[in-house]
Structures are given as C-alpha cells and as structure tokens.
Amino acid sequence: VMHGRKTCRMVWPVKKVSGGEVEGPFDSRLYSILADLRGKLAKEEGCPAFMIFSNRALEGLARVKPTSKEESLVVPGIGPAKAEQYVERFLVEIRAFAS
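Residues numbered from 1 in each chain as written. Predicted model: local features only at pLDDT ≥ 70, side-chain atom pairs only at ≥ 80, totals over all residues. Heavy atoms only, no water.

Peer 1: Quick question: what am I supposed to make of the packing of helix α1 (residues 28-45) against helix α5 (residues 80-98) here?
Peer 2: If you want to describe how two helices pack, look at the angle between their axes and the distance between the axes. At a minimum axis separation of 10 Å, α1 and α5 run at an interaxial angle of 145°. As for how α1 packs across α5, the hand of that crossing is right-handed. Residues R29, L30, I33, L34, L37, R38, K40, L41, E44 and E45 of α1 form the contact with α5, whose own contacting residues are Q85, Y86, R89, F90, E93, I94 and F97. Considered class by class, the residues forming the contact of α1 with α5 number 9 nonpolar, 1 polar and 7 charged. (Axes fitted to C-alpha atoms, helices over the stretch in contact; angles between N-to-C directions. Helix = DSSP H or I, 4+ residues; strand = E, 2+ residues; numbered from the N terminus. Left-handed = near helix turned anticlockwise from the far one by under 90°. Contact = heavy atoms within 4.5 Å. Nonpolar A, V, L, I, M, F, W, Y, C, P; charged D, E, K, R; others polar.)

Peer 1: Is there a simple way to explain the nonpolar core in this structure?
Peer 2: Nonpolar side chains in soluble globular proteins tend to be buried together. L34, I52, F53, L58, L61, I78 and F90 are the most contacted members of the largest nonpolar core, which has 22 residues in total. For this core, the secondary-structure elements that each account for two or more residues are α1, α3 (55-64) and α5. I78 has contacts with F53, A57, L61, S72, L73, A83 and V87, leaving out every residue within four places of it along the chain. (Core = buried A, V, L, I, M, F, W, Y, C linked by side-chain atoms within 4.5 Å. Buried < 20%, exposed > 50% of the residue type's maximum accessible area, 1.4 Å probe, protein only.)

Structure, rendered in structure tokens:
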C-alpha cells in the first residue's frame, strides 16, 4: 500500500450494543460532529475528552442516534450519571444532524 502497488479502504465494522442487537450503520460525519462537541465540553471543563465520553460511546451514539436520554442508555459507556450530565447536549447535535 505504501509503495502504491495496492490500495485499501477502511470499513467500519457493525457493532452490537447491549442486548446484542445491531442498531445501525456507523455515520462518520455524525461521529465527527459529536467528537467536536466532546472536545469543546472537555475544554470548558478542563478535563480530558475521554472523561466526557469514550470513543466507543461516541461511536455508539453515531450508530444508535438516540432521541432521548433513556434511549442513550443502551449505548455502551453511557450510564445514568453521564446521561444526566452530558447527553442532552449530544442529543441536540444528533437531532440537528437528522433533520
């Protein structure tokens, strides 16, 4: 690949969320929007971005595209405390992306 003799492409695997159900394809554009928001929140709070949500949690949000706090709880890495503290700002971005 590095010498130009072969090509490759990256394919995001379909992940499973709690309950073992596949919730949808990965949306890299939404993931980028959510990652930017996470970075902004981390800067505001003066903490590392992974303390807000892990990459895995952002990937889950980009797959599930929850519309409520309750729906976000099926995403691995998002529990009641994180949902209460952060999810609503992420839901605003998800809703705006969906419309």
